[in-house]
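Overview (structure and organization)
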Amino acid sequence: MTPLSTVALVVGLASLVSGHGFLKSITVGGKNYLAWQVGQDNYVNPPPVRYARQLTNNGPVPDFTTKDITCGAGGNIPAQGVIELKAGDKVTFNWDQWGSSHSGPVFTYLAKCANNDCKTFKGDTGNVWVKIEQLSYNPQGRPPWASDLLREQGAKWSVTIPPKLAPGEYLLRHEILGLHVAGTRLGAQFYPSCTQIRVTQGGTTQLPAGIALPGAYKPEDPGILAELWRIQQGQTQYVAPGGPVWSEAAPNANRAGP
């Protein structure tokens, strides 16, 4: 390979990676909590205290039918920190960046940590994930796609913890689904992260049965095997994967709509 072609390859890869992103921090009550810092924390020993689980890179999970889909490609290693908050509090997810070409829906799920201990809970088996927030595609929206709204909000996304949720420890799973190459099987790009939270004050409402991750996202699901241009031209109606939002969830904190 010539020096010129090597430079072209590096520039091309940098351009591709720059469209990706990862959860950088979480804000609750005006306090900022660091998530796993991709490309930095991997080289720190002992590992620093973080509040979201480890990720190996800023790209999508390699295969969303595997256990990488639960909390991202990073081994689903429990974080050292747990964010304390109350039911009804607003949580803001701060991404390092988000690319304009990676359009798609945004979701947030909750799972109750077994024995009220997230440091021993992975959430990769059973129907434990309950969707508490979703925004996908609204042709009247400006912008229509949720991920583009996230970008316009400064790579930020907010969710309100269900106001009647019972106290305890939970995994808060936040995710962007990029559909820009989803027209081919397994082409959809999922970017999940898991933040560990402890609800200290709340109601008495327990989470219902939810979905399994892995398991619920099927390669042929019409919300996963999808072509952006068909949706945007009105040739097909987009239905996001993962089932409906829980009836006890709070209103969407970003905007109303599907």
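Everything here concerns the structure above.
Just so it is clear, the model here is predicted, and its values are computed rather than measured. (Residues numbered from 1 in each chain as written. Predicted model: local features only at pLDDT ≥ 70, side-chain atom pairs only at ≥ 80, totals over all residues. Heavy atoms only, no water.)

**What about the overall build of the protein?**
A tally of regular secondary structure across the protein gives four helices and nine strands. Listing the helices and strands of the protein from first to last along the sequence gives α-β-β-α-β-β-β-β-α-β-β-β-α. Its C-alpha atoms give the protein principal-axis dimensions of about 60 × 50 × 35 Å. Residues counted as buried form 53% of the 258 residues belonging to the protein. Considering only residue pairs separated by 6 or more positions, the protein has 77% of its internal contacts joining residues 24 or more positions apart. In the form shown here, the protein has an accessible surface area of approximately 11500 Å², with 55% of it arising from carbon and sulfur atoms. The average position of the 21 basic charges and that of the 17 acidic charges among the side chains of the protein differ by 4 Å. (Helix = DSSP H or I, 4+ residues; strand = E, 2+ residues; numbered from the N terminus. Buried < 20%, exposed > 50% of the residue type's maximum accessible area, 1.4 Å probe, protein only. Contact = heavy atoms within 4.5 Å. Areas by Shrake-Rupley, 256 points an atom, 1.4 Å probe, with all protein chains shown as cover. Lys, Arg positive; Asp, Glu negative; His and termini not counted. Charge placed at Lys NZ, Arg CZ, Asp CG, Glu CD.)

**Thoughts on the environment of lysine 112**
Relative to the helices and strands, lysine 112 resides in strand β5 (residues 106-112). Between the C-alpha atom of lysine 112 and that of tryptophan 129, which follows or precedes it by 17 residues, the distance is 8.2 Å.

**Remarks on the sheet that holds strand β9 (residues 189-201)**
The mixed open sheet is built from five strands, whose spatial order is β3-β9-β8-β5-β6. The open sheet has two edge strands, β3 (83-86) and β6 (130-135), and neither has a second partner. Sheet twist, expressed as the mean angle between neighbouring strand axes with direction ignored, is 30°. (Pairing = 2+ DSSP bridges. Axes fitted to C-alpha atoms, helices over the stretch in contact; angles between N-to-C directions.)

**Structural notes on the side chain of asparagine 76**
Along the chain, asparagine 76 turns up in the loop between α2 (68-71) and β3. You can call asparagine 76 buried: its relative accessible area is 6%.

**With respect to the pairing of strand β8 (residues 168-178)**
Counting buried residues in β8 gives eleven out of eleven residues, a clear majority hidden from the surface. Residues Gly168, Tyr170, Leu172, His174, Ile176 and Gly178 point to one face of β8 and Glu169, Leu171, Arg173, Glu175 and Leu177 to the other, with burial holding for every one of them. Pairing of β5 with β8, which is carried by seven bridges, proceeds in the antiparallel orientation. Across the sheet, residue valine 106 finds its bridge partner in β8, namely isoleucine 176. Where β8 meets β9, eleven bridges bridge the pair, whose relative direction is antiparallel. The residue bridging tyrosine 170 from the neighbouring strand is isoleucine 197, located in β9.

**Thoughts on the sheet that holds strand β2 (residues 31-34)**
Taken in spatial order, the four strands of this open sheet run β2-β1-β4-β7, and their pairing is antiparallel. Looking at the sheet topology across the chains shown, the edges are occupied by β2 and β7 (156-160). The average angle at which neighbouring strand axes cross in this sheet is 25°, direction not considered. Where strand β4 (residues 90-95) meets β7, five bridges bridge the pair, whose relative direction is antiparallel. The partner of lysine 90 across the bridge, within β7, is threonine 160.

**Structural notes on the state of the cysteines**
As used here, a disulfide is simply a covalent bond connecting the sulfur atoms of two cysteines. Here the structure, examined in full by the defined rule, presents two disulfides. Through a disulfide, cysteine 71 is tied to cysteine 194; the S-S separation comes to 2.1 Å. Residues cysteine 71 and cysteine 194 share a disulfide whose torsion about the S-S bond is about -85°; that sign makes it left-handed. Of this pair, cysteine 71 sits in helix α2 while cysteine 194 is found in strand β9, placing the two residues 123 residues apart along the sequence. For the pair formed by cysteine 71 and cysteine 194, the shared burial category is buried. The disulfide bridge from cysteine 113 ends at cysteine 118, spanning 2.0 Å between sulfur atoms. Judged by the torsion about the S-S bond (80°), the cysteine 113/cysteine 118 disulfide is right-handed. Owing to a relative accessible area of 1%, cysteine 113 belongs among the buried residues under this scheme. The buried category is assigned to cysteine 118, whose relative accessible area is 0%. Along the protein, the cysteines engaged in disulfide bonds are linked according to the scheme 1-4, 2-3 when indexed in sequence order. (Disulfide = S-S within 2.5 Å.)

Keep in mind these values describe shape, not function.
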